[in-house]
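For reference, the chains in residue letters:
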Amino acid sequence: QVQLVESGGGLVQAGGSLRLSCAASGRTFSSYAMGWFRQAPGKEREFVARISWSGGSTYYADSVKGRFTISRDNGKNTVYLQMNSLEPEDTAVYYCAADTNRFRGPIATITYEYDYWGQGTQVTVSS
């Protein structure tokens, strides 16, 4: 079992920055790829970013490329999402997720490819 707890959400003005954290339980965190997704009201959950188990490979949705950075600290069992140049369109609940399939490639953007999910943290960007 893996438990994920997100933090760091809040209210920020357009152009501002936030850093989300996702703390994971369990000794095998370092063997999982991790992802961030988001869900805006009335919309489906969408992929944001993914990072490999080692941190050596990352992948981003086109909508956040160049503005968001995913990283991880396996010693702290934590994955981060640094969000810069935020736009009102980034307003959503942000979720971290763990992919326990060690044989999956570097690109996994579908929710069912992830096995464990956090409860989410709200990010609101005002214009």
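Notes on the structure follow.

Conventions adopted
- Residues numbered from 1 in each chain as written.
- Predicted model: local features only at pLDDT ≥ 70, side-chain atom pairs only at ≥ 80, totals over all residues.
- Heavy atoms only, no water.
- Phe/Tyr/Trp six-rings, centres within 6.5 Å; stacked < 30°, edge-to-face > 60°.
- Lys NZ or Arg CZ within 6 Å of the ring centre and 35° of its normal.
- Disulfide = S-S within 2.5 Å.
- Helix = DSSP H or I, 4+ residues; strand = E, 2+ residues; numbered from the N terminus.
- Buried < 20%, exposed > 50% of the residue type's maximum accessible area, 1.4 Å probe, protein only.

## Quick notes on the packing of aromatic side chains
Then comes step 1: Considering all chains together, one arrives at five aromatic pairs under this definition.
Then comes step 2: Ring pairing ties together the aromatic residues Phe37, Phe47, Tyr59, Tyr114 and Trp117, which thus form one cluster.
Then comes step 3: Over the ring of Phe29 we find Arg72, and its NZ or CZ is 4.5 Å from the ring centre.

## Side note on the state of the cysteines
Then comes step 1: Tallied over the full model, the rule gives one disulfide.
Then comes step 2: Sulfur-sulfur distance for the disulfide between Cys22 and Cys96 comes to 1.9 Å. Between Cys22 and Cys96 the sulfur-sulfur dihedral comes to about 50°; the bridge is accordingly right-handed. One end of the pair, Cys22, is in strand S3 (residues 18-24); the other, Cys96, is in strand S9 (residues 92-99), and 74 residues separate them in sequence. Considered together, Cys22 and Cys96 belong to a single accessibility category, that of buried residues.

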